[in-house]
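# Coordinates in review
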Protein chains: 2
Amino acid sequence: MAGTDRTRAAEIPQDPGAPAVILVRPQLAENVGMVARAMMNCALSDLRLVAPREDPLSPKGLAAASGADGLLRTARVFDTTEAAIVDLHRVMATTARRRDMTKIVLHPRPAAMQLRRFVADGEQVGLMFGPERAGLNNDDVALADCLIEVPLNPAFSSLNLAQAVLLVGYEWYQAGLQETCEGETFGATFVTNASRPALKEDLLNFFNHLERELDDCGFLRNAEKRPGMIRNIRNVFDRATLTEQEVRTLHGVVKELRHGHDRQNRKAS
Amino acid sequence: MAGTDRTRAAEIPQDPGAPAVILVRPQLAENVGMVARAMMNCALSDLRLVAPREDPLSPKGLAAASGADGLLRTARVFDTTEAAIVDLHRVMATTARRRDMTKIVLHPRPAAMQLRRFVADGEQVGLMFGPERAGLNNDDVALADCLIEVPLNPAFSSLNLAQAVLLVGYEWYQAGLQETCEGETFGATFVTNASRPALKEDLLNFFNHLERELDDCGFLRNAEKRPGMIRNIRNVFDRATLTEQEVRTLHGVVKELRHGHDRQNRKAS
């Protein structure tokens, strides 16, 4: 698969449904450049960087992009992971480590087929990748709907960032080539009558509302346990893949539980 | 997929049937090192080099191998492509260009499944890759039983050498998993470390607790809408497939929201 001249100054792929690639705190501009190249290979174009340590448009980044520098130039930079995903409906996080969290874990192939179905339903989707050495932290992982784990030699499963993007992107591309993969066994389709899946922004607003009230009522008073408790609670609602309507209902639930009628049986409970 | 310490000094995979990887006239030691690493990822161990331009055991080669240097040290060097493949029954050549030759061209997935079948029949198989820039020449290609072409964005299909090895090796590895994963949910697993999935009894107790408090605070006061609202709320938690621990946490959330500290900002909301 040696290089061809076709790679120079290639057109950025125009598929508005293709997943965004979110690199969380990437360390080296060179790796970001190689990710841009892998994205071009897989017809992905929406690159988002959360707090990159180096300027991706540095000479090293541009050299590594090797023909994909157009894509690198359109990358958007965000301060926080949350800001980078607010406009997405589904986010899958690629991770090498199992966490002390309750999440669905998919291999890249079924994950890609799931993503294709979400996109066919008009949803905006994203793939999240962590920093080169440390990987995603637990707060980032808690923002994901599910995890992607690449099945490889368990004695040597570490991939560099661009290779991880390439393998997941490759499966995304293959899933677009296959039209006969419908009706497979993984995962039920999301059945809703009218309401659409909530945007991450709606979900984050709900989390903020809930956590503000939980701080206020004293549930989160243990400062040491607080971050873990928040992650656990967020995970429950992440996994439920809420609709817009459900988020509205949950806002009401929290508000009324906290600020509704006087508590008649305060002692009873 | 950031690095884990597992990658250091990893054992060389011992699968005598796994395909040999034949690099024909590779130019840079660094690329050979990265190929060794990709092979380790995919549990491939038989690396063969035809007339490499640089010493693969140079510092740059070893650094790029990054934990796969054991495999690099066992690589065998040959003067000609013929000499490198004499002991094999089948050879597939990976190429980005169509040739003026009549050959079967396979995508990596069916190619990998074919290879698994050949190996199950006791055959020795190999995967051939050309030099970084020029690719395989026609004489090399003529030695192959068939060609592998990786379907990628046609406007940007060039892969570097290690990425090409990784994608084909990845499919080989996946094809080996298929047998054991068939009929499952394609690798979808539920990661919980300590806590078990909640019993339905636990879930129903939580629903009763929540709905009692929602009645009490007035959220469910509309008698006509009440059954539908309850169903919607239950659905959220049903979909999340809660663990025992999460049910306990949610009991706490509801109790404290309703009966925690005095509501300081009752008017504010």
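Only a predicted model underlies this, so the values are computations on that prediction, with no experimental measurement involved.

## A closer look at the overall build of chain A
- When helices and strands are counted, chain A shows 10 helices and seven strands.
- Within the structure as shown, chain A displays about 10600 Å² of accessible surface, and the carbon and sulfur contribution to it stands at 49%.

## Here we look at the packing of aromatic side chains
- Counted according to the given criterion, the structure contains six aromatic pairs over all chains.
- Between Phe-237 of chain A and Phe-237 of chain B, the aromatic rings sit 5.8 Å apart at their centres with planes inclined by 65°, giving edge-to-face as the arrangement. With Phe-237 of chain A in helix α9 (residues 226–239) and Phe-237 of chain B in helix α9 (residues 226–239), this residue pair bridges two chains.
- A connected cluster of aromatic rings, assembled from ring pairs, spans Phe-206, Phe-207 and Phe-237 of chain A together with Phe-206, Phe-207 and Phe-237 of chain B.
- Geometry around Trp-172 of chain A places Arg-116 of chain A over its ring, the cationic atom sitting 3.5 Å from the centre.

## Some details on the nonpolar core
- If you look at the biggest cluster of nonpolar residues, it comprises 84 residues, and the most contacted ones within it are Leu-23 and Leu-47 of chain A together with Leu-23 and Leu-47 of chain B.
- Excluding residues within four positions of it along the chain, Leu-47 of chain A makes contact with Val-21, Leu-23, Val-32, Val-35, Met-39, Leu-71, Leu-72, Ala-75 and Arg-76 of chain A.

## What about the state of the cysteines?
- Applying the stated rule across the entire model yields zero disulfides over all chains.
- There is no disulfide at Cys-146 of chain B, and the cysteine sulfur nearest it, in Cys-42 of chain B, is 18 Å away.

## Focus on the pairing of strand β2 (residues 47–50) of chain A
Residue and element names in this part refer to chain A.
- Side chains Leu-47 and Leu-49 project from β2 onto one buried face, and the interleaved Arg-48 and Val-50 project onto a second face that is buried too.
- Pairing geometry for strand β1 (residues 20–24) and β2, over four bridges, is parallel. Residue Val-21 lies in a different strand from β2, and its bridge partner there is Leu-47.
- Where the polypeptide runs from β1 across helix α1 (residues 29–41) and back to β2, its parallel neighbour, the crossover connection is right-handed.
- Of the pairings in the sheet, the one linking β2 to strand β3 (residues 76–78) comprises three bridges and is parallel in character. What sits directly across from Arg-48, in β3, is Arg-76.

## Quick word on the sheet that holds strand β2 (residues 47–50) of chain B
Residue and element names in this part refer to chain B.
- Across the sheet, seven strands lie side by side as β3-β2-β1-β6-β4-β7-β5; this open sheet has parallel pairing. The open sheet has two edge strands with one neighbour each: β3 (76–78) and β5 (105–106).
- One ladder, built from two bridges, connects β5 with strand β7 (residues 146–148); its direction is parallel. Opposite Val-105, over in β7, you have Leu-147 as the bridge partner.
- Sheet strands touched by helix α5 (residues 108–120): β4 (90–94), β5, β6 (125–129) and β7. Its angle to β4, the strand with the most contacts, is close to 165°.

Analysis parameters
- Residues numbered from 1 in each chain as written.
- Chains lettered and ligands numbered in written order.
- Predicted model: local features only at pLDDT ≥ 70, side-chain atom pairs only at ≥ 80, totals over all residues.
- Heavy atoms only, no water.
- Helix = DSSP H or I, 4+ residues; strand = E, 2+ residues; numbered from the N terminus.
- Areas by Shrake-Rupley, 256 points an atom, 1.4 Å probe, with all protein chains shown as cover.
- Phe/Tyr/Trp six-rings, centres within 6.5 Å; stacked < 30°, edge-to-face > 60°.
- Lys NZ or Arg CZ within 6 Å of the ring centre and 35° of its normal.
- Core = buried A, V, L, I, M, F, W, Y, C linked by side-chain atoms within 4.5 Å.
- Buried < 20%, exposed > 50% of the residue type's maximum accessible area, 1.4 Å probe, protein only.
- Contact = heavy atoms within 4.5 Å.
- Disulfide = S-S within 2.5 Å.
- Pairing = 2+ DSSP bridges.
- Right-handed = clockwise from strand over helix to strand, strands pointing away.
- Axes fitted to C-alpha atoms, helices over the stretch in contact; angles between N-to-C directions.

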